[in-house]
Amino acid sequence: MDFSGRALFDIDKIREDLAELIGEEKHRYIESSPNHFYGVILADDDGYFEEYTIGTTNPDVNSQFFLLSEHADEYTLEHELGHLSWAWHDDRSWFKVLDETLEKHTSDMNKDRLKPYARGYQCGGAGTIMSYESELLSIYSSPEITNNGRACGDPLHADNARQLREFAEALRVKLQAIQVSTESSS
């Protein structure tokens, strides 16, 4: 899609522009399918991303949309999909915007999605996919996984794998409800 001439300053505005560019019918189809995720990859010269930011989402506003920098590494998409599943960063990273900040910036209708165990973790000299360690493991935090003899999670404070399983189950239930609704209306 060509975003030429559009102000690329806000993720929600970019999502609205994308909907306009692809057409309302396609956009409605994507958003009515809770297991469909979509995004935009922006070039450096678009000026959206700051020096160290290479991806972003806003699951409180739209749980299916992400933005990536053209220089995003192989872990960034998985990291942003983690956010869309309500998985969050580790508490010890430089990007410490958790508990209070998440609570403060999450709408009342989504506060129940914030789980204290939905956090990244560092283990055995590396970080899980939702951490900001320089060396990353391609796993979500879980007390059931180890790296160099160290657990890669904690059942109370760092179990994003559990968060992803719970998200997948809720998504399965939602899709079944949509299927039943569609079948009963035909």
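Since this is a predicted model, take the numbers as computed values, not measurements. (Residues numbered from 1 in each chain as written. Predicted model: local features only at pLDDT ≥ 70, side-chain atom pairs only at ≥ 80, totals over all residues. Heavy atoms only, no water.)

Take helix α5 (residues 160-185) next. Here α5 spans 37 Å end to end across 26 residues, near enough to the 38 Å set by a 1.5 Å rise per residue. The elements touched by buried residues of α5 are α3 (76-84) and β6 (142-147). (Helix = DSSP H or I, 4+ residues; strand = E, 2+ residues; numbered from the N terminus. Expected span 1.5 Å × (residues − 1). Contact = heavy atoms within 4.5 Å.)

Our focus in this paragraph is the pairing of strand β3 (residues 62-69). Within β3, seven of the eight residues are buried, leaving the element largely enclosed by the surrounding structure. Sheet analysis places strand β1 (residues 38-42) next to β3, joined by five bridges and oriented parallel. Its bridge partner being in β3, Ile 41 is matched across the sheet by Leu 68. For strand β2 (residues 55-58) and β3, the ladder comprises four bridges, and the chain directions are antiparallel. Note that in β3 the partner of Thr 57 across the bridge is Phe 66. Hairpin connection from β2 to β3: three residues lie between these consecutive antiparallel strands. (Buried < 20%, exposed > 50% of the residue type's maximum accessible area, 1.4 Å probe, protein only. Pairing = 2+ DSSP bridges.)

Orientation of helix α1 (residues 11-22) relative to helix α2 (residues 24-31), taken along the N-to-C sense of each, is 125°, at an axis distance of 6 Å. Between α1 and α2, the angle is such that the two are oblique. Taking contact as the criterion, the partners of Arg 15, Ala 19 and Ile 22 in α1 are, on α2, Glu 24, Lys 26, His 27, Ile 30 and Glu 31. Residue composition of the contact of α1 with α2, grouped by class: three nonpolar, one polar and four charged. (Axes fitted to C-alpha atoms, helices over the stretch in contact; angles between N-to-C directions. Parallel < 35°, antiparallel > 145°, perpendicular 65-115°, else oblique. Nonpolar A, V, L, I, M, F, W, Y, C, P; charged D, E, K, R; others polar.)

For residues besides glycine, phi is generally negative; the peptide bonds are generally trans as well. For Trp 86, which is not glycine, the phi torsion reads 70° and is therefore positive. In this structure, Asn 148 is a non-glycine residue whose phi angle is positive, near 50°.

Looking now at the state of the cysteines. One pass over the full model with this rule turns up one disulfide. Each sulfur of the disulfide joining Cys 123 and Cys 152 lies 2.1 Å from the other. Its S-S torsion of approximately 85° makes the covalent link between Cys 123 and Cys 152 right-handed. Of this pair, Cys 123 sits in strand β4 (residues 122-123) while Cys 152 sits in strand β7 (residues 150-152), and the two are 29 residues apart along the sequence. Taking relative accessible area as the criterion, Cys 152 reaches 0% and is therefore assigned buried. (Disulfide = S-S within 2.5 Å.)

The values reported here are purely geometric and, on their own, carry no functional implication.
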